[in-house]
Amino acid sequence: MENKKSMELFSNTPISQAVFKNALPATAAMLMVLVYNLADTFFIGQTHDALQVAAVSLATPVFLMFMAVGTMFGVGGTSVISRAMGEGRTVYAKKVCSFCMWGCVMVGIVMSVCMLIFIDPILSLIGASTDTWNLVKTYLTIVVCSGPFVLISNCYSNVIRTEGESTKAMMGTLLGNLMNVILDLIFILGFGWDIAGAAIATVIGNVIGAGYYIAYFVWGKSLLSISMKDFSIKDKVASDVLVIGVPAALGSMLMSVSQIIINSQMAEYGDIAVAAMGIAMKVVIITGMVCMGLGQGVQPILGYCVGAKLWDRFQKVLRYSLAFAFLLSVILTGVCYLFTNQIVSAFLTDVTAFGYAAQFSKILLSTSFLFGVFYVLTNALQAMGAATAALVINVSRQGIIFIPALFILKTIVGMTGLVWAQPVADVVSLATAYILYINTSKKMAVQ
């Protein structure tokens, strides 16, 4: 009965109420991811050691690879399950959910082992200097041990929303990240474990988050399943998930790759510049994570409408979400711009690093007001099962547009050219997303 009431959210609840009920918990969950993302850097910043801040900035893109693969199963699973729910195919939805769980476990273990084996080549690749080498190695050696748990947490914070249980989907992220922040305070400032303390806190936080989601399925009243007996790769279970999930994961992975490239290019200007760029990304990610959460929150509603062929409702949900997302991103960008210096000063005390970070932040914020529209359109394409369009969008913003722009603008402008590459990619990728959405919606209308 509880699940049936939850599914009413997708089909009959007034548009504004449906969007807010599903999107606000998802946005809150992403805010907690943001808090977690900032916590390590903030508490490390309290050591007043710019090299440790630089080390966290260098290690973060590698760790984000795990989150990207979790996104592959989470976004792919959400798209397939939400459409299956709209079609009334509950048994198939259970198979997809179980596939996502055991896929996370197996892939997570393989990734952890590979990263531990190849840790030294990875350090060279991401641009660790002589001064930051041991710091980055300490951090990564610890955090990669939580690989499978990171994948599960990122996967099921998405998947559970397909049952209309956005609040419960939020709780795992909330618990894990809250624990991480508390332990950061204890381990870094209390015990003086510095960067190793940040890594240990991250591991424990992810284990707790994953544990919550596993308990939800084992002892809850879910329509879905993570039981091994429901695991299957047949009936297009694996291919349906991966055809949407891989493009989403590629977008996240390319984000990590692009950060690694930026760090390695910025390293030519010194570790202080690397630290400054890492903090500038923290400033702009405030708007990015909130808007990403909003987009992920409305995706299950849009996917359900596609499966149930409720096209009029789909359009109304999308229009409302776009308007709300644009307003939200404009407000957040304005706040971040006004308080850039205060935000940067929470992480950096070195005068040179502070100056760079403030300058870089304002460049990146020049297009962050577009994030809301971009993420809603991207999630709409994923909800529609538009695999090719989703692939193009996800490899464009942080890949085929952004990476060439890095090298071109660096050649023309120098150090700040590395920063301006992101605003250029933001504008071009949003235009691409809009064109692809128009073309896809026309094809869907014909069917």
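One structure accompanies this document, and this report is about it. These numbers come from a predicted model, not from an experiment.

Okay, the pattern of salt bridges next. Inspection of every chain in the model, using the stated rule, returns six salt bridges. One salt bridge connects Lys 137 with Asp 120, and the closest N-O pair in it is separated by 3.1 Å. Here Lys 137 is found in helix 6 (residues 133-143), whereas its partner Asp 120 is found in helix 5 (residues 119-125), with 17 residues between them in sequence. Residue class for Asp 120 comes out partly exposed when judged on its relative accessible area of 35%. Its salt-bridge partner being Asp 230, residue Lys 229 comes within 3.7 Å of it at the nearest N-O pair.

So, about the environment of Ile 343. Structurally, Ile 343 can be placed in helix 13 (residues 340-345). Linking Ile 343 and Ala 280, residues 63 residues apart in sequence, is a C-alpha distance of 9.5 Å. Not counting residues within four places of it along the chain, the set of residues in contact with Ile 343 comprises Val 283, Ile 286 and Cys 336.

The final tally for this structure, using the stated rule, is 15 aromatic pairs. Look at Phe 99 and Phe 231: their rings are 6.1 Å apart centre to centre, the planes differ by 25°, and that puts the pair in the stacked class. With a gap of 132 residues between them, Phe 99 in helix 4 (residues 90-117) and Phe 231 in the loop between helix 9 (194-219) and helix 10 (237-266) connect regions that are remote in the sequence. Between Trp 311 and Phe 314, the ring centres sit 6.3 Å apart and the planes meet at 65°, which makes this aromatic pair edge-to-face. Taken together, the positions of Trp 311 and Phe 314, both in helix 12 (residues 311-338) and three residues apart, correspond to about one turn of that helix. Linked through ring pairs, Phe 20, Tyr 320 and Phe 324 together constitute an aromatic cluster. One cation-aromatic arrangement involves Arg 89 over Tyr 92; the distance from NZ or CZ to the ring centre is 4.3 Å. Lying over the aromatic face of Tyr 337, Lys 362 brings its terminal NZ or CZ to 5.6 Å of the ring centre.

Each value, and the rule that gives it
Residues numbered from 1 in each chain as written. Predicted model: local features only at pLDDT ≥ 70, side-chain atom pairs only at ≥ 80, totals over all residues. Heavy atoms only, no water. Salt bridge = Lys/Arg side-chain N within 4 Å of Asp/Glu carboxyl O. Helix = DSSP H or I, 4+ residues; strand = E, 2+ residues; numbered from the N terminus. Buried < 20%, exposed > 50% of the residue type's maximum accessible area, 1.4 Å probe, protein only. Contact = heavy atoms within 4.5 Å. Phe/Tyr/Trp six-rings, centres within 6.5 Å; stacked < 30°, edge-to-face > 60°. Lys NZ or Arg CZ within 6 Å of the ring centre and 35° of its normal.

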